[in-house]
Amino acid sequence: MRAFRLLPLLALTGLVLLAAPASAAAAAPAPAAAAQDSGDAKIIDFDYAPRHLTVEAGTTVTWSNTGQRPHTATDRGGTFDTKPIAPGASAKVTLSTPGTYFYFCRINPAKMNGVLTVEPGADDARTARVQAVDEGFTGDKLRFDPAKLSVTAGTTLLVANVGGKPHTLTADDGSFDTGIVEPGAEGGRFAGKNASVTLNQAGTFKFHCEIHPAAMKGVVTVTGEAAAGGPAQASAGPREVDVGAVDFGFEPNDASVAAGGKVRVTNKGKAPHTFTLDDVALDSGTIDPGSSADLTAPDAPGSYSYRCTIHPAKMRGVLVVLGRDTEDPNAKAAAPPPAAAASGGGGGGTSAGVTAFVLATAVVAAFLGGIGLSAFALRRRAAT
Amino acid sequence: MDIVELLNDLTGGQLLLWKVLLTSVIFACAGLQVMLAARFYEASTVPPISTGAASRTHRLNGKLTVTLAVVVGLSCLIGPAGPTSPTRVLLHSVFGSLVFALLAAKYTALKLRPAWGRYLPWIGSGLFLTFAAIWATTVADYVTAR
């Protein structure tokens, strides 16, 4: 009985003892966990299990959402995005570029962060990923990841900005330069951009970030000679994409196209519209109903938000410009299986039940607590 | 084994749902605590039971409430906790910490400083209101976001 009386005190003591290490563990963006070779990962509310997954290049990673809310697995460097995965559903992404991928849930970017390590497979990938890391939203240090790498001539370096600041990857001798790779919006809260350079000349090249030259340095060793025919194809993405402007939205509002590809915008509505990129000087001008406009996509791979300047509140979208071996988020996202959709429908009933329960308990709490608080207040008033 | 994964497995993949339900139960228990306290302080005649029975029920219900609060609080610290952003999470963390600060004050008044007993109604009322704030910054968000 005495032990029972002490239960709250014991529990409080346990809480205090556990709070410090637990908080530290929770604050870490992606603690190193046991790496796995499997391409399967679970999403739970609000975490990835495992948080650190290691696979071979060419592996298809499947994220299964076992939680109660929709989540995404989104590359902080902007090369893949599963789009929201409904509870019970899953999404697959095939990763062909070796390197480290910081990924996160763009619905819960503060809570859900994971690390995916793609190791070179049996085949020569001819693409390698380098992450530009800063404190951004993961609290990391300024650095390139990896800072030292060895590739064969003709390999393309995909430079992904996974931080909250702009970066470049520039050869000390000026032989290659990505230009500025923009970070994700809101200081890295959202996915950043990426850029690529192809290394054809053998040798050892030191590189740095033009914006953070003291902290961000690295070296790449290029071996062999470039394959005949020069660098591989610029992009696996479609050379042309059609976007419809309707009253009032874009169809689709998340299109993908190869770098430098053609974007044809057709106004299928009754009101005039425009197709205007937010951050790049690319604007269709006013497109009258029934008319079309052709635009040339930017050369730099990345995600570009666009809008209709006449109806900016309603008409927005994202154009993904695909670089070489850049995963196409619009093509790779797996549709939820019918079973998942069915369970989602069942979840609606559960959701309504939960809502009713929590609201009912809140009303009860307010009622009971209100009686007590009122009684104390009235007694105090009577006493004075 | 990862603790978050363990908790998730224990709750059948519905850790968040269980936390929401328990938080609501804790809130209701906190309301009952205030009402019972008002009864055994003879500030109220509701519920119509003796002050002794109200006191005993208050203690039992208090132990249950604190135990549940510790369980939920631990799962918050170990599991979904993260950076103090957005503001809702920051406020939730502040109120969550405040609950245990108030509980510490209450136990101090009960066990170590009997003279502080006159502050117990204030501390208890503060606890109830803090539980209300926690409920508002977590359960309300969960329900409205679904």
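Here the structure is a predicted model, which means the values were calculated and not measured.

Peer 1: Would you take a moment to explain the overall build of chain B for this structure?
Peer 2: A count of helices and strands for chain B gives five helices and zero strands. Mapped in sequence order, the helices and strands of chain B form the string α-α-α-α-α. Looking at chain B as a whole, 48% of its 146 residues are labelled buried. In chain B, once contacts between residues fewer than 6 apart in sequence are set aside, the share between residues at least 24 apart is 67%. In the structure as shown, chain B presents an accessible area of about 6900 Å², 69% of it carried by carbon and sulfur atoms.

Peer 1: Explanation requested: helix 4 (residues 87-112) of chain B in the structure shown.
Peer 2: The periodicity of an α-helix, 3.6 residues per turn, causes residues three or four positions apart to be oriented the same way. Between its first and last C-alpha atoms helix 4 of chain B spans 36 Å; for 26 residues at 1.5 Å apiece the expected length is 38 Å, and the two agree. Taken as a whole, helix 4 of chain B has its buried residues at Val89, His92, Val99, Phe100, Leu102, Leu103, Lys106, Tyr107 and Ala109 of chain B.

Peer 1: Looking at this model, I keep getting lost on the packing of aromatic side chains. Mind explaining?
Peer 2: Both the distance between ring centres and the angle between the ring planes are used here to describe each pair of aromatic rings. Residue and element names in this part refer to chain A. Under the counting rule described, the total for this entry stands at 13 aromatic pairs over all chains. With a centroid separation of 4.2 Å and 35° between ring planes, the pair formed by Phe275 and Tyr306 is classed as tilted. One end of the pair, Phe275, is in the loop between strand 20 (262-267) and strand 21 (276-277); the other, Tyr306, is in strand 23 (residues 302-307), and 31 residues separate them in sequence. By relative accessible area, which is 0% here, Phe275 ends up buried.

Peer 1: Please explain the packing of helix 2 (residues 15-40) of chain B against helix 3 (residues 51-78) of chain B as it appears in this structure.
Peer 2: How two helices pack is summed up by the angle between their axes together with the distance between the axes. Residue and element names in this part refer to chain B. Relative orientation of the contacting elements helix 2 and helix 3 amounts to 155°, with a least axis distance of 8 Å. With respect to helix 3, the axis of helix 2 lies roughly antiparallel. For the pair helix 2 and helix 3, the sense of crossing is left-handed. Among the residues forming the contact of helix 2 with helix 3, the class breakdown is 15 nonpolar, ten polar and two charged.

Calculation rules
Residues numbered from 1 in each chain as written. Chains lettered and ligands numbered in written order. Predicted model: local features only at pLDDT ≥ 70, side-chain atom pairs only at ≥ 80, totals over all residues. Heavy atoms only, no water. Helix = DSSP H or I, 4+ residues; strand = E, 2+ residues; numbered from the N terminus. Buried < 20%, exposed > 50% of the residue type's maximum accessible area, 1.4 Å probe, protein only. Contact = heavy atoms within 4.5 Å. Areas by Shrake-Rupley, 256 points an atom, 1.4 Å probe, with all protein chains shown as cover. Expected span 1.5 Å × (residues − 1). Phe/Tyr/Trp six-rings, centres within 6.5 Å; stacked < 30°, edge-to-face > 60°. Axes fitted to C-alpha atoms, helices over the stretch in contact; angles between N-to-C directions. Parallel < 35°, antiparallel > 145°, perpendicular 65-115°, else oblique. Left-handed = near helix turned anticlockwise from the far one by under 90°. Nonpolar A, V, L, I, M, F, W, Y, C, P; charged D, E, K, R; others polar.

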